[in-house]
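Listed below, chain by chain, are the residues.
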Amino acid sequence: MREPRDEVDDLVDAWARERPDLDTSPMEVLSRVDRLARHVDRARAAAFSRHQLEGWEFDVLAALRRSGEPYRASPGSLVRATGVTSGTMTNRVDRLAARGLVRRDSDPDDRRSVRVELTEQGRTTVDGALVDLLGAEHELLAALDDPGRRRLAGALRELLASYAAPGSADDG
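Summarised in this report is the structure supplied together with it. Within each chain, residues carry numbers counting from 1 in the order of the written sequence. Reporting in this predicted model follows two pLDDT cut-offs: at least 70 for local features of residues, and 80 or more for side-chain atom pairs to be given and counted; totals over whole chains, interfaces and linings ignore these cut-offs and use all residues. Values reported for side chains reflect all heavy atoms of the structure, with hydrogen atoms and water molecules removed beforehand.

Here we come to the pattern of salt bridges. Take a side-chain nitrogen of Lys or Arg and a carboxyl oxygen of Asp or Glu: if they are within 4 Å of each other, that pair is a salt bridge. All told, the structure shown has 17 salt bridges when counted by the stated rule. In this structure, Arg17 and Glu18 form a salt bridge, with 3.2 Å as the shortest nitrogen-oxygen distance. Relative accessibility decides the category of a residue: with a 1.4 Å probe and only protein chains considered, values under 20% of the type maximum give buried, values over 50% give exposed, and everything between is partly exposed. Overall, Arg17 belongs to the exposed group, its relative accessible area being 58%. Put simply, Arg104 and Asp94 hold a salt bridge, and the shortest N to O gap is 2.3 Å.

Structure, rendered in structure tokens:
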């Protein structure tokens, strides 16, 4: 049985014909990753928009939700979880608080510090968005069986780990 072809095969074949002196094999992986990333971006945007969320809003709400009850974190831990600056996080928390999705409270252990807490509305919103996101992501991976997914996840983990800085966190 012949493997299916896609537009990347055509692209790689054309470069191999025009520049046979170059190794175009990275394009076979990274051009597909790039194209898949566009599909992922569209699917995520659609899942989030059904809940009136932007991607950055989901990232902050998801970081709080993953923290476990009482779904509270310091702004600094949210900065680390989302990879943005403290000024950006302040603006994001302000905007989420204005929408009633989070609230700021004084840290009971240090009154000079603030904690950001997910509201019930925020929890309901992020939980709904997560359900829609996972549904979309399952659809994106529907062409792969479970062993294929595990192999792909393992290969991507290996590649991504080679770039990860110790102590860094990504979205999702």
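Where helix 3 (residues 55–66) contacts helix 4 (residues 75–82), the two axes come as close as 10 Å, and the packing angle between them is 115°. Two packed elements cross with a definite hand, and for helix 3 against helix 4 that hand is right-handed. For the pair helix 3 and helix 4, the contacting residues are Asp59, Val60, Ala63 and Leu64 in the first and Leu78, Ala81 and Thr82 in the second. Here the residues of the contact of helix 3 with helix 4 sort into 5 nonpolar, 1 polar and 1 charged. Axis definition: a line fit to C-alpha positions, over the contact stretch in the case of helices; interaxial angles, taken between N-to-C directions, run 0 to 180 degrees. Each helix is a run of DSSP H or I of at least 4 residues and each strand a run of E of at least 2, with the numbering of both proceeding from the N terminus. Should the near helix be turned counterclockwise from the far one by less than a right angle, the crossing is left-handed, whereas a clockwise turn marks it as right-handed. In what follows, residue pairs with any heavy atoms lying within 4.5 Å of each other are defined as contacts. Note on residue classes: Ala, Val, Leu, Ile, Met, Phe, Trp, Tyr, Cys and Pro are nonpolar, Asp, Glu, Lys and Arg are charged, and everything else, Gly too, is polar.

Turning our eyes to something else, we now look at the pairing of strand 2 (residues 102–107). If DSSP finds at least two bridges between two strands, the strands pair. As judged from the 6 bridges shared by strand 2 and strand 3 (residues 110–118), these two strands associate in the antiparallel manner. Paired with Asp105 across the strands is Arg115, a residue of strand 3. Connecting strand 2 to the antiparallel partner strand 3 that follows it, the hairpin turn spans 2 residues.

A few words on the packing of helix 2 (residues 25–49) against helix 6 (residues 120–140). Relative orientation and spacing of two packed helices are given, respectively, by the angle between their axes and the distance between those axes. Direction vectors running N to C along helix 2 and helix 6 enclose 150°, while the axes themselves pass 8 Å from each other. Judged by the angle between their axes, helix 2 and helix 6 are roughly antiparallel. In terms of crossing hand, the pair formed by helix 2 and helix 6 is right-handed. Together, His39, Val40, Ala43, Arg44, Ala47 and Phe48 of helix 2 and Ala129, Asp132, Leu133, Ala136, Glu137 and Leu140 of helix 6 make up the contact between the two elements. Each angle is binned into one of four classes, with values under 35 degrees roughly parallel, values over 145 roughly antiparallel, values of 65 to 115 roughly perpendicular, and all other values oblique.

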